[in-house]
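Chain by chain, the residues:
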Amino acid sequence: METILFYVLAVVTLLSAVFVIFLRRPIHNVLFMILTMIGLATLFILLHAEFIAMVQIIVYAGAVMVLFLFVIMLLNLEEIDLPREPRPLRWGFGVILSLALVVMLFPVFKSIAPIINGVAQNGDLAAASNLDLIAKELFTTYLLPFEIASFLLLAAIIGTVVIGRKLTKS
Amino acid sequence: MIPVPEINLGGVLPALILGVAGLLATLLGLFVRKGAATVGAIIGFTAVLIALAANAPLRFMNTPAFSGMIVLDTFSWFFNLLILLSVGLTILISMKYLTDQGLDLYEYFAILLFSSVGMMFMVSGTHLLMIFVGLETLSIGVYVLTGVLPKSSKASEASLKYLLLGSFSSALFLYGAALLYGASGSLSLAGLAKYFQSGSVSTMGLIGMGLLLVGFSFKVAAVPFHMWTPDVYDGAPSPITGFMSVGVKAAAFAAFLRVFFECFGSAQVTWSHILWILAVLTMILGNLAALVQSNIKRMLAYSSIAHAGYILIGMVAGTAMGAAGILYYLLAYIFTNLGAFAVVTMVGRKGEANISIDDYRGLGKSHPALALAMSIFLFSLAGIPPTAGFIGKFTIFGAAIASGYIWLVIIGVLTSAASVFYYFRVVMKMYMEAPEVEPESLKFSPSMALALTLTVMVVLYIGIFPTTYLNLATESVKSLF
């Protein structure tokens, strides 16, 4: 059952990722990107990584992609602004670079595989709800980075206000 | 029930003080009608002085804190000191700058303080997550400060460029950390060190290490990851350029040193080859490009790239002596470069109208004190005795020779000989040439006078009596080896 579910979801995710690249209208690209993100989230759920699944949906499908949609709507693209069919040279480069990436990543995947199998057999991880575990770790071991991250966000907010506002000269 | 973790507020007190001062400056700025920037600067400077006192006890500690996220040791103490010094000097220079520009930006100082909080956690971090959060806090602050000038398209362009490239390099750093976690199952430097000592390092672990190297190289502006530097240094407000070239560089080198010596120490043979190449490229390109610049800020930007190259030599050497040389070099560089940027700020005037090297013509006659100070800074950058820059270069080159990197030192010496040309060109302009039109005379402010006096005195003092400071540097790097 789980295997079938995995393949169905994987196909949906991959197909929508392909559509992101091949469709011409940006709005379609973004919508398919959201679908890709949701597909990834479901795959995470299959891996018992509920927390990452939630984050995936809230941050990527929610916040980031909505931002994309806003930008595209604000740009209000006309048919004539859309890019022409991609040039062969660019295609060639793209294919070569992607292949190079696959070749480079192959040893990485190969070295991960045993670790992943090890994790899958480790029963403790699935037994405890991992939201629980993450919360516990976040407020004990990772307390300091967690607090400093709030500082980081504060600095970013103040910074945005400084850059964004219209300055009245003193 | 979640057990309450051990909280050691005393250990992070210096950073805490700066953070609270930043918040205070932001809040008070809302209530003060006029001169809010001055209030912010005074709060910031006071906080730096208090934090210097709070930092002192760290020197004699060697304790991990916050579940091994940070460590309070002499190394952290030394770099906290460097950061506080550079923030303090930057605040002094900025006061004059903001007055010149007619800006009343109190958030400027708040963001400067926030950024230095990030630096402090970056230098004391012993966990890649902590280092990353520190790195981001520091970067966000600096991105904003770069574009803080309103209605300056050059500054906005620089800020956006820096943001895009900086985020990209942060992403690479994060990716590296993720791969290392995948390979070793740990993000703490101690855990990673154990993994690298075990001898069976997977390709994934090595790729992770390489990506961390790229992330750090970007922050310290080593060739070929330097592309952002000239544009950003040119577009940013002069005091911030100074701050970036010393504070950010010092923090990035601190984390670079800690991560690479403490946890990848056993793989030193692997990464020292890469750093060897980076150091050579950085020195050659930085110095050659600086030769042809006519804008003083761009010239100093390329010179700062070149200096990153010299510092990398110390890392290649891989010994305690090399690391101590780096610490001393950074100390000297902070005073030298911030001093030089103080002069650039002074001469720049409103809207940074005078940042061409030609604007320095006749400075020796019209403002002898300023010209003398600038000459001392340029001598120190070129590495001419009796200035601090000479001792710094001497120690680093000496360490590299002791480790057998003769060729690296030969290239270093040759490129620094070339660098003398462009530093002296400014000195020549100041003393030998006359300006076409006599410019209005410059006005010193008390803060600027203080900053310049301090920097000149320190550059000469630690250049003539370096022993105490070299010993301090040696003491500080002990925990890395």
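Everything discussed here concerns the structure shown above.
Computed from a prediction, not measured in an experiment: that's the story for all the values here. (Residues numbered from 1 in each chain as written. Chains lettered and ligands numbered in written order. Predicted model: local features only at pLDDT ≥ 70, side-chain atom pairs only at ≥ 80, totals over all residues. Heavy atoms only, no water.)

Chemist: Which parts of the structure should I look at to understand the interface of chain B and chain A?
Modeler: Accessible area lost when the parts come together is the quantity often used to give the size of an interface. Contacts between chain B and chain A engage 42 residues on the former and 30 residues on the latter. Buried surface at the junction of chain B and chain A, summed over both partners, amounts to about 3,000 Å²; 82% is from carbon and sulfur atoms. Applying the counting criterion to the chain B and chain A interface returns zero salt bridges. When contributions to the side of chain B that touches chain A are tallied by element, the ones reaching two or more residues are helix H1 (13–31), helix H4 (107–124), helix H5 (128–146), helix H6 (153–184) and helix H8 (203–220) of chain B. Ranked by residues supplied to the side of chain B that touches chain A, first place goes to H5 of chain B with seven residues. Looking at the side of chain B that touches chain A residue by residue, the class counts come to 27 nonpolar, 11 polar and four charged. (Contact = heavy atoms within 4.5 Å. Buried area = accessible area lost by both parts, 1.4 Å probe. Salt bridge = Lys/Arg side-chain N within 4 Å of Asp/Glu carboxyl O. Helix = DSSP H or I, 4+ residues; strand = E, 2+ residues; numbered from the N terminus. Nonpolar A, V, L, I, M, F, W, Y, C, P; charged D, E, K, R; others polar.)

Chemist: Can you help me understand the pattern of salt bridges in this one?
Modeler: Charged atoms that come close allow side chains of opposite charge to pair. Residues and elements named next belong to chain B. On inspection of all chains with the given rule, the structure shows 11 salt bridges over all chains. When the shortest N-O distance is used, the salt bridge between glutamate 475 and arginine 59 registers 3.3 Å. Here arginine 59 lies in the loop between helix H2 (36–55) and strand E1 (63–65) and glutamate 475 lies in helix H19 (residues 467–476), a separation of 416 residues in the sequence. The shortest N-O distance in the salt bridge between arginine 298 and aspartate 234 comes to 3.3 Å.

Chemist: Where do I start with the nonpolar core in this structure?
Modeler: As a rule of thumb, soluble globular proteins bury nonpolar side chains together. Membership of the largest hydrophobic core comes to 198 residues, with the highest contact counts inside it found for Leu128, Val259, Phe260, Phe264, Trp271, Met315 and Tyr360 of chain B. Top contributing element to this core by residue count: helix H13 (residues 320–348) of chain B, with 20 residues. Beyond its immediate chain neighbours, meaning those up to four positions away, methionine 315 of chain B contacts Phe253, Phe256, Leu257, Phe260, Phe261, Gln268, Trp271, Leu275 and Ile326 of chain B. One finds Val30, Met37, Leu69 and Ile72 of chain A within the second-largest nonpolar core, a separate group that totals seven residues. (Core = buried A, V, L, I, M, F, W, Y, C linked by side-chain atoms within 4.5 Å. Buried < 20%, exposed > 50% of the residue type's maximum accessible area, 1.4 Å probe, protein only.)

Chemist: Would you mind showing me how to read unusual backbone geometry here?
Modeler: Across residues other than glycine, the phi torsion is negative in most instances, and most of the peptide bonds are trans. All names here are of chain B. Residue proline 224 follows valine 223 across a cis peptide bond; omega there is 5°. Tracing the backbone shows proline 224 in the loop between H8 and helix H9 (228–235). Look at the link from proline 385 to proline 386: it is a cis peptide, with omega at 10°. Within the fold, proline 386 resides in the loop between helix H15 (368–382) and helix H16 (388–402). The backbone phi angle of serine 67 is positive, close to 50°, even though this residue is not glycine. Mapped onto the fold, serine 67 is located in the loop between E1 and strand E2 (70–72). Residue classification places serine 67 among the partly exposed positions, given a relative accessible area of 45%. Even without being glycine, alanine 221 reaches a positive phi, approximately 60°. Checked against the element boundaries, alanine 221 lands in the loop between H8 and H9.

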